[in-house]
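Reading the structure
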Amino acid sequence: MRVKIEMDASLAEDEVLIRCRELTEEITAIQRAVCDTANASEKFTFYKGNTEYYLMLNEILFFETDGSGISAHTKADAYQTRYKLYELEDILPGFFMRVSKSTILNTNHIYSINRNLTSSSAVAFYNTHKQVYVSRYYYKPLISKLEEKRLHQ
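Here the structure is a predicted model, which means the values were calculated and not measured.

Observations concerning the packing of aromatic side chains
- Throughout the structure, instances matching the rule amount to ten aromatic pairs.
- Their ring planes at 45 degrees and their centres at 6.5 Å tell us that Phe 46 and Tyr 79 sit as a pair that is tilted. Highlighted residues: Phe 46 in strand β1 (residues 43-48) and Tyr 79 in strand β5 (residues 78-81), separated in sequence by 33 residues.
- Taking the relative accessible area as the measure of exposure, Phe 46 reaches 0% and is therefore buried.
- Classification of Tyr 79 as buried rests on a relative accessible area of 10%.
- Aromatic side chains Phe 62 and Phe 125 sit 5.5 Å apart centroid to centroid with 15 degrees between the ring planes, which places their arrangement in the stacked category. Here Phe 62 is found in strand β3 (residues 62-66), whereas its partner Phe 125 is found in strand β9 (residues 121-125), with 63 residues between them in sequence.
- Judged by its relative accessible area of 3%, Phe 62 is buried.
- The class of Phe 125 is buried, set by a relative accessible area of 2%.
- The ring centre of Tyr 79 lies 4.9 Å from the NZ or CZ of Lys 48, which sits over that ring.
- Between Arg 82 and the ring centre of Tyr 47, over which it is positioned, the NZ or CZ distance is 3.8 Å.

Some thoughts on the confidence of the model for the protein chain
- For the protein chain, per-residue confidence averages 87 on the pLDDT scale, and residues scoring 70 or more make up 95% of the total.
- Within the protein chain, no element has a lower average pLDDT than helix α1 (residues 25-40), which sits at 74, and none a higher one than strand β7 (residues 103-106), at 96.

Some thoughts on the environment of Glu 59
- Take Glu 59: it is sitting in the loop between β2 (51-56) and β3.
- With 16 residues separating them in the primary sequence, Glu 59 and Lys 75 have C-alpha atoms 7.9 Å apart.

Quick word on the sheet that holds strand β8 (residues 110-114)
- Judged by pairing direction, the sheet is antiparallel, and its three strands sit side by side in the order β8-β9-β10 without closing on themselves. Of all strands in the sheet, those bounded by a partner on one side alone are β8 and β10 (131-134). On average, each strand axis in the sheet is tilted by 25 degrees relative to the strand beside it, whichever way the strands run.
- Judged from the four bridges that link them, β8 and β9 form a sheet pairing that is antiparallel. Paired with Ile 113 across the strands is Val 123, a residue of β9.

What counts, and at which threshold
Residues numbered from 1 in each chain as written. Predicted model: local features only at pLDDT ≥ 70, side-chain atom pairs only at ≥ 80, totals over all residues. Heavy atoms only, no water. Phe/Tyr/Trp six-rings, centres within 6.5 Å; stacked < 30°, edge-to-face > 60°. Helix = DSSP H or I, 4+ residues; strand = E, 2+ residues; numbered from the N terminus. Buried < 20%, exposed > 50% of the residue type's maximum accessible area, 1.4 Å probe, protein only. Lys NZ or Arg CZ within 6 Å of the ring centre and 35° of its normal. pLDDT = per-residue confidence, 0-100. Pairing = 2+ DSSP bridges. Axes fitted to C-alpha atoms, helices over the stretch in contact; angles between N-to-C directions.

Written as structure tokens, this is what we have:
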């Protein structure tokens, strides 16, 4: 496979073109990686009280439902978002994953998973005390996703 970069200062915005003979798993993985990288630096609007905050998606550890709506958690803080969880599932990059009825997490920030065979497993994140729980239903898909990421790095 050849990789080629062409620079054109006249372009209105950057463009990534993948040219292939057929759509293979490898090409699909490359497309997903490019999209995830581009979307990681995308800024979302979050709220706390009357203040709007503009954060990059790669700063978010997880989204969860609470009494007042959907919260987006960073290492040090929590913000509100106006999206519903099912809407977030559709618009978030592939490194986010639903892990329970009430939680979507950023798989890039997972530090450890404390597996519990009879109930939910606890996920810890790098450099923070925050954690979320993965339901039994989502445990195997999460492990598969983490394994897939490890193999493609």
